[in-house]
Structure formats: structure tokens, C-alpha cells
Amino acid sequence: MRVLGVDPGLTRCGVGVVEGVPGRPCTLVGYYVVYTDPADELPLRLLHLDRSLTDLVAEHRPDAVAVERVFSQHNVRTVMGTAQASGVAVLAGARAGLPVTTYTPSEVKAAVTGFGQADKKQMTTMVTRLLRLAEPPKPADAADALALAICHVWRGGTRSKLAAAADQARRGGARR
């Protein structure tokens, strides 16, 4: 499975692409950071982000997209920009007809480090180790995006199977 992970941000949006199967080490395909100029008007920044993510989806042809779920922050302005960038990322995946899954930061941390409260340094260290990289991906936004992609490879398949089983149960059980 090839997954494109997105750590949404309006100024810096991390994108990471990995391939793998649950229970096995993933392989790095690539990582990027999409930058927008804070001096530009919001519509231009979102358009640049949309075009960049659409191009990366087309280039890497992932099987799925994993996006960090926006969580409450004290700075409303920051959370608004992150939420807008998240929406663009979700749209880029959906427009390509891909399944898009969102994960909370603690879900990603638990999947990658085994500890839902891991700090940035621990996350980057584990991403570097798990992908067998010579040096840590920089900036941290890229490492976070790779962690999202790894999390989806390892947990996304299980999530999809559980959702399908629950859906089947709601519709009256197994078909004969």
C-alpha cells in the first residue's frame, strides 16, 4: 500500500509518501514541504496548496491519503489556518477518488512510538529509524507527514476492515 501523509499547515504543509504493509517496515518514497507566503492573500495561499497537493497525488499515485486531524489550540488564528489547510488536503485526496482518513496527533504518536504523548524529537527519531534513513527528515513537518503515512499503513487497513464489518452487521449480517 502506498500512502500520502499530510501534516496540514498554511505556512508549511508537510507531505510524506511511504509504501508498506501492516506489521512490516515501510519504505520511503519521498517527502516534501509546501510553503505559502504569509504576505499573500488567503485565497492565493489555499490555491497554491491545492495545486501542490494535487500535483503530488498525481505524481505518486497513492492508494490512500492520511491527514492529521485538526485539534483545539489556544491560538484561534493558527487553528483556523491549519483547519483550512486540512480541508484542502482532504479535498485533494477525495478529488482523486482516494480514501482519506484523519488521525489525531496522539493516534499517530501511539502508532509510531508506542506512546501517545511523544514529543517532536521522539517522533522524528522513530520515523528516521523506522524508514532506515541516514538522517532525520527536515523540517519537522515532513517527519510528521511521514509518521501519518506510516500510521495509516499500520492501522488504516485494520480500521477499514473494522468499518466494513460494522457496516455489514448494520445491514443485517453476512450475505449468502
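About the thresholds
Residues numbered from 1 in each chain as written. Predicted model: local features only at pLDDT ≥ 70, side-chain atom pairs only at ≥ 80, totals over all residues. Heavy atoms only, no water. Helix = DSSP H or I, 4+ residues; strand = E, 2+ residues; numbered from the N terminus. Buried < 20%, exposed > 50% of the residue type's maximum accessible area, 1.4 Å probe, protein only. Contact = heavy atoms within 4.5 Å. Areas by Shrake-Rupley, 256 points an atom, 1.4 Å probe, with all protein chains shown as cover. Axes fitted to C-alpha atoms, helices over the stretch in contact; angles between N-to-C directions. Left-handed = near helix turned anticlockwise from the far one by under 90°. Nonpolar A, V, L, I, M, F, W, Y, C, P; charged D, E, K, R; others polar. Lys, Arg positive; Asp, Glu negative; His and termini not counted. Salt bridge = Lys/Arg side-chain N within 4 Å of Asp/Glu carboxyl O. Pairing = 2+ DSSP bridges.

### Some thoughts on the overall build of the protein chain
Stage number 1. For the protein chain, the count of helices and strands is 5 helices and 5 strands.
Stage number 2. Along the protein chain, helices (α) and strands (β) appear in the sequence β-β-β-α-β-α-β-α-α-α when read from the amino end.
Stage number 3. For the protein chain, the residues scored as buried account for 43% of the 176 residues in total.
Stage number 4. Long-range pairs, those at least 24 residues apart, make up 63% of the contacts in the protein chain between residues at least 6 apart in sequence.
Stage number 5. When the accessible surface of the protein chain is summed, it comes to about 9,700 Å², and 55% of that surface belongs to carbon and sulfur atoms.

### Here we look at the packing of helix α1 (residues 42-60) against helix α2 (residues 76-95)
Stage number 1. Two numbers describe how α1 lies on α2: the axes approach to 9 Å, and their chain directions differ by 35 degrees. You can see that α1 and α2 cross each other, and the crossing is right-handed. For the pair α1 and α2, the contacting residues are L42, L46, L49, D50, L53 and T54 in the first and Q84, A85, V88, A89, A92 and R95 in the second.
Stage number 2. Looking at the contact of α1 with α2 residue by residue, the class counts come to 8 nonpolar, 2 polar and 2 charged.

### Brief notes about the side chain of D7
Stage number 1. For D7, the position within the fold is in strand β1 (residues 2-7).
Stage number 2. For D7, which is buried and forms no salt bridge, the nearest opposite charge comes from K120, at a distance of 5.0 Å.
Stage number 3. Filtering out sequence-adjacent residues up to four positions away, D7 remains in contact with R12, C13, G14, E68, D141, D144, A145 and L148.

### Quick notes on the environment of K121
Stage number 1. Structurally, K121 can be placed in helix α4 (residues 120-130).
Stage number 2. The exposed category is assigned to K121, whose relative accessible area is 65%.
Stage number 3. For the pair K121 and P136, spaced 15 residues apart in sequence, the C-alpha to C-alpha distance is 9.9 Å.

### Points about the pairing of strand β2 (residues 12-19)
Stage number 1. In terms of residue burial, β2 counts as a mostly covered element, since 6 of its 8 residues are buried.
Stage number 2. Two elements, β1 and β2, share 6 bridges in a ladder whose sense is antiparallel. Of the residues in β2, the one forming a bridge with L4 is V17.
Stage number 3. Hairpin remark: β1 followed by β2, antiparallel, with 4 residues in the connecting loop.
Stage number 4. Direction of pairing for β2 relative to strand β3 (residues 27-35): antiparallel, over a ladder of 8 bridges. Among the inter-strand pairings, V17 is bridged to a residue of β3, identified as G30.

Functional significance is not addressed by these values, which are geometric in nature.
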